[in-house]
Amino acid sequence: MTLDAEVDALRRVPLFRGIDATKLRLLAFISDRSHFAPEEHLCDQGDEGDSAFIILGGEAEVRVRTGDSERTVARVGEHSIVGEIAILCDVPRTATVVAATEMDVLTISKDGFLSLLKEFPDMSLEVMRTLAQRLDRTTQALVALQSSDGPA
């Protein structure tokens, strides 16, 4: 994939909506392109978060370990970003992300991502929106799960 194709793919990521092409070119330039085969791990729950992943193609499962089991809590695909929580909050990875299909991703380092957020406040606002939406979905899923298990 060429730099221009990566810029075009980044333009489709909701997080980067409204960011001009020059800034997207910079993001693509400072990112590393990777390929993952099915069942290959992008990151593991509990690991140190040193990068975020922008999915250019394919799909991944987001899995969370609880006790002795692991549960798939989401499936993400093209134009999604994963792994940003750990690099924003300096906490261990909150989930394991596993390729469900062949995947192409851009990996952006923690330092590169944080520099972009500092330089482009609009991007920071979009990150907050994305995280708030995820929190809302997670809260709704927990409520539904508690309802199906009966009273606590």
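For the structure itself, look to the data block above.
Just so you know, these numbers come straight off a predicted model, no measurement behind them.

Colleague: Can you tell me about unusual backbone geometry, naming the residues and giving the values?
Modeller: One non-glycine residue, histidine 79, adopts positive backbone phi at about 75°. Relative to the elements of secondary structure, histidine 79 occurs in the loop between strand S5 (69-76) and strand S6 (81-82). Residue aspartate 90 is not a glycine yet carries a positive backbone phi of 50°. Relative to the assigned elements, aspartate 90 resides in the loop between helix H3 (84-89) and strand S7 (96-99).

Colleague: Tell me about the pattern of salt bridges, and please be specific about residues and values.
Modeller: All told, the structure shown has twelve salt bridges when counted by the stated rule. The closest approach of N and O atoms between aspartate 50 and arginine 93, which form a salt bridge, is 3.8 Å. In this pair, aspartate 50 is assigned in the loop between strand S2 (41-43) and strand S3 (51-57) and arginine 93 in the loop between H3 and S7, connecting sequence segments 43 residues apart. Looking at aspartate 50, the relative accessible area reads 47%, which means it is partly exposed. Judged by its relative accessible area of 6%, arginine 93 is buried.

Colleague: Residues and numbers for the nonpolar core, please.
Modeller: Residues Leu10, Phe16, Ile54 and Phe113 are the most contacted members of the largest nonpolar core, which totals 23 residues. Only helix H1 (3-11), helix H2 (21-30), S3, strand S8 (103-109), helix H4 (110-119) and helix H5 (121-149) provide two or more residues apiece to this core. Setting aside residues no more than four positions away along its own chain, leucine 10 makes contact with Phe16, Leu24, Leu27, Ala28, Ile54 and Leu106. Phe36, Leu42, Val76 and Ala99 belong to the second-largest nonpolar core, a separate cluster that totals 14 residues.

Colleague: An account of the pairing of strand S4 (residues 60-66) is requested, with residue identities and associated values reported.
Modeller: Strand direction decides the pairing type here: S4 and S5, joined by seven bridges, are antiparallel. By the bridge assignment for S5, threonine 66 is matched with serine 69. Taking the residues between adjacent antiparallel strands as the criterion, S4 and S5 are bridged by two residues, where glycine 67 takes a positive phi near 65°.

Colleague: An account of the side chain of serine 51 is requested, with residue identities and associated values reported.
Modeller: Relative to the elements of secondary structure, serine 51 occurs in strand S3. The class for serine 51 is buried, based on a relative accessible area of 7%. In terms of polar contacts, serine 51 uses its side chain to reach the side chain of aspartate 50, at 3.3 Å. With sequence-adjacent residues up to four places away left out, serine 51 is seen in contact with Gly83, Ile87, Arg93, Thr107, Ile108, Ser109 and Lys110.

Colleague: Tell me about the environment of leucine 27, and please be specific about residues and values.
Modeller: As for its position among the elements, leucine 27 is in helix H2. C-alpha of leucine 27 to C-alpha of leucine 10: the two residues are 17 residues apart in sequence and 8.6 Å apart in space. When residues no more than four places from it in sequence are discounted, the contact partners of leucine 27 are Leu10, Phe16, Ile54, Ile108 and Leu116.

Colleague: Tell me about H1, and please be specific about residues and values.
Modeller: Residues of H1 that are buried: Glu6, Val7, Ala9 and Leu10. Considered in projection along H1, the buried side chains sweep an arc of 160° and stay on one side of the axis. Those residues of H1 hidden inside the fold are in contact with H2, strand S1 (32-36), S3 and S8.

So, how was this worked out
Residues numbered from 1 in each chain as written. Predicted model: local features only at pLDDT ≥ 70, side-chain atom pairs only at ≥ 80, totals over all residues. Heavy atoms only, no water. Helix = DSSP H or I, 4+ residues; strand = E, 2+ residues; numbered from the N terminus. Salt bridge = Lys/Arg side-chain N within 4 Å of Asp/Glu carboxyl O. Buried < 20%, exposed > 50% of the residue type's maximum accessible area, 1.4 Å probe, protein only. Core = buried A, V, L, I, M, F, W, Y, C linked by side-chain atoms within 4.5 Å. Contact = heavy atoms within 4.5 Å. Pairing = 2+ DSSP bridges. Polar contact = N/O pair within 3.5 Å; in protein donor to acceptor, adjacent residues only side chain to side chain. Arc of directions from axis to C-beta.

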